[in-house]
Amino acid sequence: MTKYVITGGKHLHGKVRVHGAKNAGFKEMIAALLCDSPSEIKNLSYIGDIENTTEIIRCLGGRVTDRGNRTMEIDPKSLDSFNAPKSCGLKSRAGTIFVGPLLAKFKKAVLPIPGGDKIGARPIDRHLAGLEALGATVKLKDGVFIITAAKGLRGGNFRFPKNTHTGTETLLLAAVRASGRTVLENAAAEPEVDDLITFLNQAGAKIKRTEPRTIVIDGVAHLRGATHEVMTDRNTVVTFACAALATKGEVFVERADNKVLGAFLEKVREIGGLWETREEGINFRWEKPLRAADITAAPYPAFMTDWQAVWATLMTQAVGTSEITETIFENRFGYVPFLVSMGAKMELFNPQVLNPEDFYNFNLGDDKPENLHALKITGPTPLAGKQVEANDVRMGATMILAGLVASGKTVIIDTHDQVARGYENLAENLVSLGAAIEIIPGDVVAYTKRPAVTATVEQ
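Just so it is clear, the structure is predicted and the values come from calculations on it, not from any experiment.

The rules behind these values
- Residues numbered from 1 in each chain as written.
- Predicted model: local features only at pLDDT ≥ 70, side-chain atom pairs only at ≥ 80, totals over all residues.
- Heavy atoms only, no water.
- Pairing = 2+ DSSP bridges.
- Helix = DSSP H or I, 4+ residues; strand = E, 2+ residues; numbered from the N terminus.
- Right-handed = clockwise from strand over helix to strand, strands pointing away.
- Buried < 20%, exposed > 50% of the residue type's maximum accessible area, 1.4 Å probe, protein only.
- Contact = heavy atoms within 4.5 Å.
- Axes fitted to C-alpha atoms, helices over the stretch in contact; angles between N-to-C directions.

Colleague: Explain the pairing of strand S10 (residues 181-185) here, please?
Modeller: Looking down a regular strand, the side chains alternate between one sheet face and the other. Bridge count for strand S9 (residues 157-159) against S10 is 3 bridges, and the pairing is parallel. For Asn-157, the partnering residue across the bridge sits in S10 and is Val-183. Each parallel crossover has a hand, and for S9 linked through helix H5 (residues 165-175) to S10 it is right-handed. Across 5 bridges, the pairing between S10 and strand S12 (residues 214-218) is antiparallel.

Colleague: For this particular structure, what's the right way to read helix H8 (residues 262-271)?
Modeller: Since there are 3.6 residues in each turn of an α-helix, residues three or four apart along the chain are aligned in direction. Along H8, the residues classified as buried are Ala-263, Phe-264, Leu-265, Lys-267, Val-268 and Ile-271. Packed against the buried residues of H8 are helix H7 (234-246), strand S15 (274-278), strand S16 (281-285), strand S17 (295-297) and helix H9 (308-315). Gly-272 lies just past H8 and shows a positive phi near 95°.

Colleague: Would you mind going over the sheet that holds S15 with me for this structure?
Modeller: Pairing between sheet strands relies on hydrogen bonds along the backbone, with the strands arranged either parallel or antiparallel. Strand order in the open sheet formed by 4 strands is S2-S14-S16-S15, and the pairing between neighbours is mixed. The open sheet has two free edges, formed respectively by strand S2 (13-17) and S15, since each of these has just one partner strand. If you compare each strand with its neighbour and ignore which way they point, the axes differ by 15° on average. Sheet topology note: the strand S14 (residues 250-254)/S16 ladder contains 5 bridges and is antiparallel. Bridge pairing in S16 links Glu-254 to Gly-281.

Quick look at the structure:
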């Protein structure tokens with residue numbers, strides 16, 4: 001548990017370095033369990049998801065050694081259990097990724113129901129259907145999944161009914177050691193998935209994209225350990241960029257890669273923000289009042305769902321009315337009541353959609369009438385410091401960003417250290433850029449009352 005006390009009104013200036021992607025590094029540590037010899041995963045960020053993955057691998061008998069300089073050695077040779085601790089399901093929603101390595105070695109995997117951020121149902125039905133298509137048997141008993149493949153997995157064709165990032169990775173790790181060829185259609189196209197594919201191919205896998213959303217995997221009997229450097233975290237880059245623009249500052253983000261940030265950089269230019277690509281990274285600068293702009297959060301290469309919360313805070317400081325439409329998760333506007341309590345002018349509504357089944361990436365059956373899928377923001381609006389609670393990674397970053405913009409003091413109660421699960425030293429790095437943030441670790445009383453927010457439903 002951590003408390004952040006922020007005194008707003010400071011312009012951020014300086015340079016910050018971003019390291020390995022949250023949504024690539026820990027998954028590549030899991031993928032290393034498929035190998036017959038140790039692998040080195042480099043450029044990891046020191047975040048909670050890396051610690052949680054380390055704990056699970058060790059519980060399964062594998063060895064994880066910190067080699068320093070952001071490098072972990074994963075040795076799978078001592079792996080001796082197919083039963084992941086039940087408590088781990090509360091920490092990570094990516095538990096199904098362990099299925100491939102465990103089935104390859106034991107032909108059985110026992111995993112708790114995945115957990116993670118409170119941002120929607122996050123169904124794993126697509127993961128399980130894909131595993132069954134490769135010959136696995138899936139049973140749910142006493143809160144755990146029992147997945148078996150007595151004769152080993154076999155290659156096959158599987159088309160995801162809707163885009164699923166983690167589901168694609170789960171099937172990749174299952175198919176890479178299966179017998180025969182697997183073809184995954186409507187697979188995720190995110191750069192983090194390609195980074196995982198790069199690592200697996202370095203280890204001896206035979207994986208290729210034949211089309212943007214089609215992946216072909218020819219199964220192999222063995223993989224050898226490999227050395228791999230994790231791609232830079234796109235989400236952290238965007239967070240620092242939004243912080244620079246929202247505070248009317250200038251921040252150079254080292255290692256930022258413009259090739260995987262296209263949708264975001266287009267919107268920065270549209271609102272009047274400045275960015276410049278340099279050899280070492282990207283420089284973001286505020287020059288004049290920002291203009292409002294609409295975004296739709298959708299699968300890659302569109303605007304990423306993980307970016308929309310910090311973008312919403314930025315739009316409270318832009319001139320005009322902007323809209324955010326969320327298509328990935330049915331309930332990802334949990335931060336809105338808190339921003340409204342700080343003075344933001346926001347209104348939730350349901351957009352007019354001709355074909356919801358195609359437009360929305362979540363399962364419509366998981367949706368509820370109270371869930372609204374778009375947000376209207378009117379700015380610029382001064383924000384005032386409040387005490388708020390962070391209950392997921394991106395919301396925590398959003399509230400920190402709001403505190404930087406707000407007048408007075410903002411107190412953020414991060415009950416389960418959600419910010420640290422996805423960001424390495426976010427507050428400390430912001431302090432290095434000029435922010436006034438006091439970081440108080442330890443037991444504090446959580447603020448749980450959710451302020452009200454005005455909502456309308458448009459048919």
